[in-house]
Amino acid sequence: MVRTRIQNIKAVIALALRARDARRATRGSLGLATLVLAAATLVAAAANATVGFSGYIDTYYQYNFNTGDALFHAFNPKHDSISLAMAELDVDASINDWLYGRLDLSFGNSTPIIAYNAYALSTNYRKSEAFARAMQYIQQAYVGVKFNLFKTNVSLDIGKFNTHMGYEVIESKDNINYTRGLLFTYTIPFYHTGLRIDVPLSRYFGFRGYFLNGWDVDLDNNKYKTGGAHVYMNPVPGKWSLAVLWTGGGEGIGVKGNRHVMKFLSTFNITTNHSLGVDYVYGLDKAASAPNTHWTGAAIYYKGIFRRANPGYMLGIRYEYLEDKDGFRTGLAQKLYEGTLTQELRIKDNYTLRRDYKYEWSSEKVAYGDPTSSSGLSDHQSTLTGGVVAAF
């Protein structure tokens, strides 16, 4: 990360003028994103704030031993192709350690996956497709304040931010495995827009609360709000952590559908180099169009660091199970299983090579693709993926 204190107001004004020209030239989302970035920097300069810049580039090649693009690989689906998964630029600013903000801009093949709801949310969106297109490139954008309440340091954020519900996250560089799992892709939302509050009560216990527009939406698509909670605990700090999470409320375009998801997460640091993770999820949706639908799943993760000094070497293993009893999340009533082995070679700090071998199977014949079958369907799929991730 590059962090600096912005003091040269003339330089920032020049940046804003260049952003204005870029906006005029592109007449689209990239120009708008550049303008937003310049405006945020200009505000920070006026307040003599500390600003940090970071980001990463994630590219991959994947080979599917079945046929065609990989099924259930939302973030890395492309077969026999070199692809840009994501290029991300993150900007954070703080003023006197109590007022802060963050802006994450993302581009690449994963961007429309994260913002899959961007074009079918509300009447306002349909009247402004340009706005919907621009918002898909803004992965996070929020401002927050820190204050003391009953001798506790509380933070309050408002804006758009990534979900609190996953053991895995959107950025592949921060996950044990290179490819995302079934639980992250199909059982929880990717992001929210709304309010969140973080209350760390002690080094052993804390709470986060959420008041949200809904699942994966920028503007609300109905008149009902969604709530969320995240209770995090550290019974043995540095050794054992666990969390209980919930998101629930009215979902659905123009109608109320009670959708709730519960999560239990835990991490055990066996040694300084070896850890285990556990992820359990239960989901329920009672929308009028699909009453009483349920999904549940579980995963276990292993992370082993075998060399810390460069070139570093890490091994990651994931095994997970997802039962989509009513086909609400995957489109077919089925039980899905997958196992993933990830090898990571860190060439230099922030520059890594990752290799994933992933084997998946289903209780049903699905569109995995099987050239030896008359139906073209199969109950299993195996892929080999190589990723290159460079961060700054």
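Small disclaimer: the values here were computed from a predicted structure and weren't measured. (Residues numbered from 1 in each chain as written. Predicted model: local features only at pLDDT ≥ 70, side-chain atom pairs only at ≥ 80, totals over all residues. Heavy atoms only, no water.)

**Topic: empty space enclosed by the protein**
Worth spelling out the cut-off: Cavity: a set of points on a 1 Å grid over the protein atoms alone where a 1.4 Å probe fits but cannot get out. Pocket: an open set with protein on both sides within 12 Å along at least five of seven lines, its lining residues, like those of a cavity, having an atom within 4 Å of a point. Grid points are joined across faces, edges and corners, and a volume is the space filled by probe spheres set on the points. Following the grouping adopted for this structure description, the nonpolar residues are Ala, Val, Leu, Ile, Met, Phe, Trp, Tyr, Cys and Pro, the charged ones are Asp, Glu, Lys and Arg, and the polar ones are all others, Gly among them. Only runs of H or I of at least four residues qualify as helices and only runs of E of at least two qualify as strands under DSSP, and these elements are numbered from the N terminus.
Evaluated as defined, the whole model comprises two cavities of 30 Å³ or more. Within this model, the largest cavity holds a volume of roughly 50 Å³. For the largest cavity, the full set of lining residues is Phe72, His73, Ala74, Phe75, Asn76, Thr179, Arg180, Thr185 and Lys358. The residue makeup of the lining of the largest cavity, split by class, is three nonpolar, four polar and two charged. Reported here for the second largest cavity is a volume of approximately 50 Å³. Among the secondary structure elements, those contributing two or more residues to the lining of the second largest cavity are helix H3 (111–114) and strand S5 (138–149).

**With respect to the environment of Ala390**
Basically, it comes down to this: Only protein chains enter the accessibility calculation, which uses a 1.4 Å probe; a residue is then buried when its area is under 20% of its type maximum, exposed when over 50%, and partly exposed in between. Only heavy atoms matter for contacts: two residues are in contact if any of them lie within 4.5 Å across the pair.
Mapped onto the secondary structure, Ala390 falls in strand S17 (residues 378–391). Of the residues examined, Ala390 reaches a relative accessible area of 28% and is grouped as partly exposed. Here the alpha-carbon distance between Ala390 and Gly55, two residues 335 residues apart in the chain, equals 8.6 Å. Setting aside its immediate chain neighbours within four residues, Ala390 contacts Gly55, Tyr56, Ile57, Asn350 and Tyr351.

**Some remarks on the side chain of Lys358**
The following threshold applies: His is not counted here, nor are the chain ends, while Lys and Arg score as positive and Asp and Glu score as negative. Salt bridge, as used here: a side-chain nitrogen of Lys or Arg that lies within 4 Å of a carboxyl oxygen of Asp or Glu. By the criterion applied in these results, polar contacts are pairs of N or O atoms within 3.5 Å in which, for protein atoms, one can donate a hydrogen and the other can accept it, and in which residues neighboring in sequence qualify only through two side-chain atoms.
Relative to the assigned elements, Lys358 resides in strand S16 (residues 351–366). With no salt bridge to any partner, buried Lys358 finds its closest opposite charge in Glu360, at an N-O distance of 4.2 Å. For Lys358, the side chain forms a polar contact with the main-chain oxygen of Arg180, separated by 3.0 Å.

**Focus: the environment of Tyr232**
Tracing the backbone through its elements, the reader meets Tyr232 in strand S9 (residues 226–236). Side-chain polar atoms of Tyr232 contact the side chain of Asp198, separated by 2.7 Å.

**Some points on a nonpolar patch on the surface**
As a reminder of what qualifies: For patch building, the residue pool is restricted to those with more than 30% relative accessible area and no salt bridge; the joining distance is 9 Å between like charges and 5 Å between nonpolar side chains (Val, Leu, Ile, Met, Phe, Trp, Tyr). Note on areas: these come from Shrake-Rupley sampling with a 1.4 Å probe, and a residue is covered only by the protein chains present in the view.
Taken together, the side chains of Tyr61, Tyr63, Phe65, Ile82, Ile317, Leu341, Tyr357, Tyr359 and Leu384 present a nonpolar region at the surface, about 840 Å² in accessible area. Secondary-structure elements contributing two or more residues to the nonpolar patch are strand S2 (50–64) and S16. In this structure, Tyr63 sits in strand S2. Judged by relative accessible area, which is 36%, Tyr63 ranks as partly exposed.

**Focus on the pattern of salt bridges**
Under the defined criterion, the tally for this structure stands at 13 salt bridges. For the salt bridge of Arg318 with Glu320, the shortest nitrogen-to-oxygen distance reads 3.7 Å. Judged by relative accessible area, Glu320 falls into the buried class, the value being 0%. Ionic pairing is found between Glu338 and Arg318, a salt bridge with its closest N-O pair at 2.5 Å. Taken together, the residues Glu338 in strand S15 (residues 334–348) and Arg318 in strand S14 (residues 312–324) connect sequence positions 20 residues apart. Across this residue pair, the class does not change: Glu338 and Arg318 are buried.

**What to know about the nonpolar core**
Buried together is how nonpolar side chains tend to be arranged in soluble globular proteins. The cut-off we apply is this: The term nonpolar core refers to a set of buried residues drawn from Ala, Val, Leu, Ile, Met, Phe, Trp, Tyr and Cys, joined through side-chain atoms within 4.5 Å.
One finds Phe72, Ile114, Leu182, Phe184, Phe190, Val261 and Leu322 to be the most contacted residues of the largest nonpolar core, which totals 32 residues. Secondary structure elements with two or more residues in this core: S2, strand S3 (81–95), helix H6 (182–186), strand S10 (240–251), strand S11 (257–269) and strand S13 (290–307). It is H6 that provides the largest number of residues to this core, a total of four residues. In contact with Ile114, not counting residues within four places along its chain, are Phe75, Met86, Gln139, Ile170, Phe190 and Tyr191.

**Considerations on unusual backbone geometry**
Between Asn310 and Pro311 the backbone carries a cis peptide bond, its omega angle lying at -5 degrees. With respect to the element layout, Pro311 can be found in the loop between S13 and S14. A positive phi angle, near 55 degrees, is found at Asp80, a position not held by glycine. Counting through the fold element by element, Asp80 comes out in the loop between S2 and S3. Positioned with a positive phi, Asp216 is a non-glycine residue whose angle comes to about 50 degrees.

**Remarks on the confidence of the model for the chain**
As a reminder, the rule being used: pLDDT: the predictor's confidence for each residue, scored from 0 to 100.
Confidence in the prediction for the chain averages 85 pLDDT; 79% of positions are at 70 or higher. In the model of the chain, helix H1 (residues 9–26) stands out as the element of lowest mean pLDDT, 46, in contrast to S14, which has the highest, 97. Below pLDDT 50 for its whole length, residues 22–33 participates in 13 contacts with residues either more than four positions away or in separate chains. Scored below 50 in pLDDT, residues 122–127 makes eight contacts in the model with residues more than four places away or belonging to other chains.

**What to know about the pairing of strand S8 (residues 205–212)**
As a reminder, the rule being used: Pairing between two strands requires that DSSP report at least two bridges joining them.
Note that strand S7 (residues 191–200) and S8 share seven bridges and pair antiparallel. Paired with Arg196 across the strands is Tyr210, a residue of S8. Between S7 and S8, which follow one another and run antiparallel, lie four residues.

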